[in-house]
Each structure stands twice: as C-alpha cells, then as structure tokens.
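Now for the letters of each chain:
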Amino acid sequence: MKKIINFIRNSSIFFRLSMIIIIVFIPILSLFFITSNNYRIEKQNSIYTMVNQNNHQTISKINDYINDINNITKIPLTYKQADDTYMGQLYNFTVNNINSYKFQLLNEQIFEEIFAYKNSVNSCYIFNLTGQGDYKVRDAVYQPFNPSSEPWFSECIDAFGKPVLVDTYELPYIVNEKSKPFYVFGVARGIVRVSDASVIGILLVNTKISYFEDICDNMKLTENHRVVILHDDYTIYDTVPENIAKPAEDILLSIPDNTDETMFSLKINNESFLISSVDSDSNDLHVISLIPESELFFEINQLQKRNLVILTIVMTLSLFCLFYTSRQIIVPIRHLSKIMKIAESGDFSTHIQVDRMDEVGMLSVSYNSLLDKINELIHEVYLQKIASSESQFQMLQSQINPHFLYNTLESISMMATINDDETTAEMATELGGLLRYSISNINQPVSLSEEIAQLKKYVSLLERRFRSQYSITINIDARYYSISMPKLILQPILENAIYHGMASVRSDGKIVVSAEKADPHTLLLTVSDNGSGMSEEKIRNLNAYINEKNDLFKGIGMRNVNRRIKLFCGPEYGLTVYSSADKGTTVAVRIRIDIP
C-alpha cells in the first residue's frame, strides 16, 4: 500500500489529474449505458404493449368481419327457406342440373342483396352438389369454376348449414390480366331444405383480400414490420405478398399461440425479430406480428454510438488539455467532480456555468451536452409512456358490445318484414343515434345529461324487444346533468344487468338507475336490479376481476368501464358491485365532480 501511495505522490501532476478524470468519467459512462439499457427495455415493453393491443384489436375486427359475412350467408336460410319456388328450383338444379332462367333471376335477387349488405364482397356463388353454379362477380370473369374437389366443399355438405371458412385463394378466370393474382377470402354454407332435412346447395360469399391488407398495413410500426394471419397452418394473409394463400412456414408454426407476458424473440434468416402473437377464440385464426430488432432499436443504437463517441472525444480532449494546463484545471476539475456527484444522485438539471472558452470550457460544454442527452432520453421514455396510455384509452373507448346491435337489427328486420309502420323507423332512428354517439369524439368527455339521453334511446329499444318482461326506471335529478364524465359508462352496466341479472326473470323485473352525491367531489351512480343476484364468493371474485386482480371471468365490459373511469377521474374512483343470492344486484359507479 505504501508503495502505491509513494508511486502516486511521485507521479506527475498530469498523471494524477488524468487518473482523476478517468475515475470521474467511469460513473458517467456507466450511467449512460445503464440509462440507455433501461430506455431500450422501456421501449421494448411499450412497443410490446402497443403491438399486443393492436393484435387484439385486429383479431377482434377480423372476428367481427367474419361474423358479418357469416350473417350474410344466412340469407338463403331465412326468408328463402319458406320460398317453395326457389327451393324447388334449387333442388332441380342439384338433381337434374337444370339452371333455368327463373332460377337465375331468383339468384340475382339474392346476389344483389348480399352485395348491398357489404361493399367488400367481391363475388357470390350458388353451387349444386356437383359443383355446377350460378354466380355474380364484381370483376369480369370468362367462366365459372367448379370447386367440388376442394376440401371446404365437402365440409360444407357435412356441416349441414353451419358456416365454413374458405381459406384465401386466387380467384380463377379473371379477364383483366393486370389484376392477377386476384386473392379472395370467403365463407361458405350449405343450403338445407327443411322438408327432407337435406343439403341441396352451397352458397359461397367471397370478399376482397384488401380488407386484411388495410388492417395489417395500419398495424405496421416500421418499414419491414411483418404481419401474418394464419388459419391453422395456412396463410390467409401476409404483408410479404409471395406468402399469401400458401402453407405457413415451419418457423412461424413454432411461435407460441399467445405471447401475453412478453414479446417472443426469434431469428429468421439470420435476422432477429421481436414477435407478438394472438389467437382468435371463435374462428381458429392466428395473428403474428414480427418486428425487426434492427429497425426497432435503430435510433437507440445510433444514439449510443454517438454519445459514446462524444464521451470519448471529451475524455481525450480533457487529457490533452491537462498536459499543458494541469495547474489551471485543478480547481475546475474539482468543481466538475462536485457537479457529477449531483448527477450520480439522479439530478440531471444542474449544469456547469461556462465562463471561458479554453479546453476547460469545452469540457464543461461537453458535460452539459451529455446531461441534455440524458434528459432527452428520460423525456422520450416519458412521452412513450404517455403514448401507450393514450393508445390503451382509445382501445377501451372503441370497444362496444356487438350482441346488442345484432339483436336489435334482427328485431328491426323482423318488424320491417311484418309491419310497414312507423315503429320500425323510430327504432332505426334511435339505433342510428346510439351508433353515432358511440363512435364520434370518443376521447372527449360528455355531460351526464348526454349520457342519460343516449341511455333512454337504449332503453326505448330494449322495451320494444322485451315488452313487459321487466321495467327500467331512470331516476336522476336534473341538477346533476352538467357533470362531466367519460362516454358510454352507464349503457354497458345496464346491458350487463339485463343479460345477466335479468336472465332468469320472466316478469315483474325491475332495473333502477339513480344518482346522488356521496361527498362534495364524488357523484354516486347506481344501477340496481331485482334479478337472481350472486353468491358472496362470486361477488368477491367479480370485484377483484374488475380491478384486475384475477382472471376468473371472460367478460371485459365491466373491467373496461372501470379502467376508463380511473383514467378519467383517478385511481380512487371506479366500479363496485354489491349483490346477494336471490336478492338482486347493485353496481355503484363513483365519478369525480367539480361543482358545488
């Protein structure tokens, strides 16, 4: 030890000061790498959250889209089922292969109605059991095709009226060569004759593959971000066009079905990808998102290299200046060391005052620049977190329950068929108002009066559907109407009370919506029903699920409402459910108010 001390004492001032400079720069360099690595991790996590949300939104959109096509293929199974003329013509077409002019006219009506339902529908076919068919295609074709050898054709016959997904394929016989290859994706359904319970034909509805192209392109975060949609081991769509309508690559099949915890890392053709995947619960579809790490972290890598170069230059210049002006820089170095101690404690706001432009001044300027770079990294992470929260909020705002819309549309369709009166028009108007309210200005708060007005439209539609099965009473004092709140809070809760609380009630059901002040800054909204209620254990688990403390339930409506209230009002606000077995249920909603 004494030898070391004597060595230091006998060393030159330049050497000793050089050692000090090196020692001072080591923690700065370490801090830089730690900060950069933390930023990389934060960015990867935020990217994962965003990509995972996009995947779930995409699979939800695809499910809704396929469900729409499924509903369209029900047309021959609904009103045409009672049309003896049409079913007879279809039977003759199947048994005798007679494609009469009258049969073609009837098919044309069906095709026109299908095209009117969905703009993205490209072609419709009605086949007999030998694969001969009548068709209508938006793009000119020079002859129909016979799909009787395709697996989906025989599957439709065996499915006995249930919809069958038809994987992406190239539509043959397109006249325009510039459109080739022309890919379509479809849903097929067997047409069942009820009288003898037999399948006498098959309806195929094809849609443009451009629908998948649009939603996948919207998901892309980088230029080479790849999005793949698989059906089992078949590629429905791929942002790499040459992979469309082909068996999936083996390496894609090795990716886990769901990457809910973190992004999955994989090397493909010697390039590293961060991968997020999600499965559809209803259609056996699988969405995979592959992002090249080189593109995702390009800016971070460049920033690390640039800052490392800056640090190296600063250290070199400092040592060079010490050789000539060692005595003049002792005091400034001590001051610099004190400032760096402050930075080590986590305070990056203290800069060195530069009052000279020699080498010491340059070193001070470089240190200030380094602090600015570190602050930029911290600020960028903060902005990334804000962007992630906004993306989550927009996703939560955009979720609506399609079951109510479908049921109401079916009611309107039935009434339009049976009654040519004003009731149908009123229901359509009320439903249109609900739709506009649901999708317009989703990020803007609304007043309680606006929320109640839309709730009354919803109630009016329900009363027409369920008649006197139960009554819904809205009992809210007008003095609370000006209170600001997130949009679409009460409707999901009321809908939950109807489809769960009232599920076993056939008459004398009651649902009451009311409001009162809980304290000067809190409004308590309640939705109460006299339904079947829940056990103590179930209500305890449900409240924990709503607050994201377990995953024992599948529904997301109540949890999403609770999240949105907390985002809008604060963590102390939200939902609480109270219930007892056979004594009904009450959902209490606490929101922040700023009026006396």
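Colleague: Honestly, unusual backbone geometry in this entry has me stumped. Any pointers?
Modeller: Its identity as a non-glycine residue notwithstanding, Phe-160 has a phi of 55°, on the positive side. Residue position: Phe-160 is located in the loop between α5 (151-159) and β3 (163-170). Even without being a glycine, Asp-582 presents a positive backbone phi close to 65°. Structurally, the position occupied by Asp-582 is in the loop between β16 (574-579) and β17 (585-592).

Colleague: Would you explain a nonpolar patch on the surface in this entry?
Modeller: On the surface, Met-19, Ile-22, Ile-23 and Ile-26 cluster together into a nonpolar patch covering about 350 Å² of accessible area. Relative to the helices and strands, Met-19 is located in helix α2 (residues 13-72). By relative accessible area, which is 36% here, Met-19 ends up partly exposed.

Colleague: Please explain the packing of aromatic side chains as it appears in this structure.
Modeller: The geometry of an aromatic ring pair is captured by the separation of the ring centres together with the interplanar angle, meaning the angle of the planes. Applying the stated criterion across every chain, the model contains 14 aromatic pairs. Within the aromatic cluster, the residues linked to one another by ring pairs are Tyr-125, Phe-127, Tyr-135, Phe-145, Trp-152, Phe-153 and Tyr-169. The positively charged end of Arg-193 is found above the aromatic ring belonging to Tyr-91, 4.1 Å away from the centroid. In this structure, Arg-559 packs its charged tip against the face of Tyr-545, placed 3.9 Å from the ring centre.

Colleague: Got a minute to help me understand the sheet that holds strand β8 (residues 264-268) in this structure?
Modeller: In sheet architecture, strand pairing relies on hydrogen bonds along the backbone and comes in two forms, parallel and antiparallel. The strand order β7-β6-β10-β9-β8 describes an open sheet built from five strands, whose pairing is antiparallel. Of all the strands in the sheet, the pair left with one neighbour each is β7 (234-238) and β8. Each adjacent strand pair in this sheet contributes to an overall mean axis angle of 30°, direction not counted. Relative to strand β10 (residues 285-292), strand β9 (residues 271-279) runs antiparallel, the two being bridged by seven bridges. Looking at β10, one finds that Leu-274 is bridged to Ile-291.

Colleague: Got a minute to help me understand helix α15 (residues 490-501) in this structure?
Modeller: Two residues of an α-helix separated by three or four positions point the same way, owing to the 3.6 residues in each turn. For α15, spanning twelve residues, the distance from its first C-alpha to its last is 15 Å, which sits close to the expected 16 Å at 1.5 Å a residue. Those residues of α15 that fall on the buried side of the exposure criterion are Leu-490, Gln-491, Ile-493, Leu-494, Glu-495, Ala-497, Ile-498 and Gly-501.

Colleague: What am I meant to see in the environment of Ile-489 here?
Modeller: By the element assignment, Ile-489 lies in the loop between β13 (484-485) and α15. Along the chain, Ile-489 and Ile-565 lie 76 residues apart, while their C-alpha atoms are 8.2 Å from each other.

Colleague: Explain the pattern of salt bridges to me, please; I cannot follow it from the model alone.
Modeller: Pairing between side chains of opposite charge can happen when their charged atoms approach one another. Enumeration according to the criterion identifies eight salt bridges in this entry. In this structure, Asp-238 engages Arg-226 in a salt bridge whose closest nitrogen and oxygen atoms are separated by 2.7 Å. Of the two residues, Asp-238 sits in strand β7 while Arg-226 sits in strand β6 (residues 226-231), which places them twelve residues apart along the sequence. Judged by its relative accessible area of 1%, Asp-238 is buried. Residue Arg-226 is classed as buried on the basis of its relative accessible area of 12%. Note that Arg-563 is salt-bridged to Glu-548, the shortest N-O span being 2.6 Å. One end of the pair, Arg-563, is in helix α17 (residues 557-569); the other, Glu-548, is in the loop between α16 (536-546) and α17, with 15 residues separating them in the sequence. If you follow the salt bridges from partner to partner, you end up with Glu-108, Glu-112 and Lys-136 in one network.

Cut-offs applied
Residues numbered from 1 in each chain as written. Predicted model: local features only at pLDDT ≥ 70, side-chain atom pairs only at ≥ 80, totals over all residues. Heavy atoms only, no water. Helix = DSSP H or I, 4+ residues; strand = E, 2+ residues; numbered from the N terminus. Patch = residues over 30% accessible without salt bridge, like charges linked within 9 Å, V, L, I, M, F, W, Y side chains within 5 Å. Areas by Shrake-Rupley, 256 points an atom, 1.4 Å probe, with all protein chains shown as cover. Salt bridge = Lys/Arg side-chain N within 4 Å of Asp/Glu carboxyl O. Buried < 20%, exposed > 50% of the residue type's maximum accessible area, 1.4 Å probe, protein only. Phe/Tyr/Trp six-rings, centres within 6.5 Å; stacked < 30°, edge-to-face > 60°. Lys NZ or Arg CZ within 6 Å of the ring centre and 35° of its normal. Pairing = 2+ DSSP bridges. Axes fitted to C-alpha atoms, helices over the stretch in contact; angles between N-to-C directions. Expected span 1.5 Å × (residues − 1).

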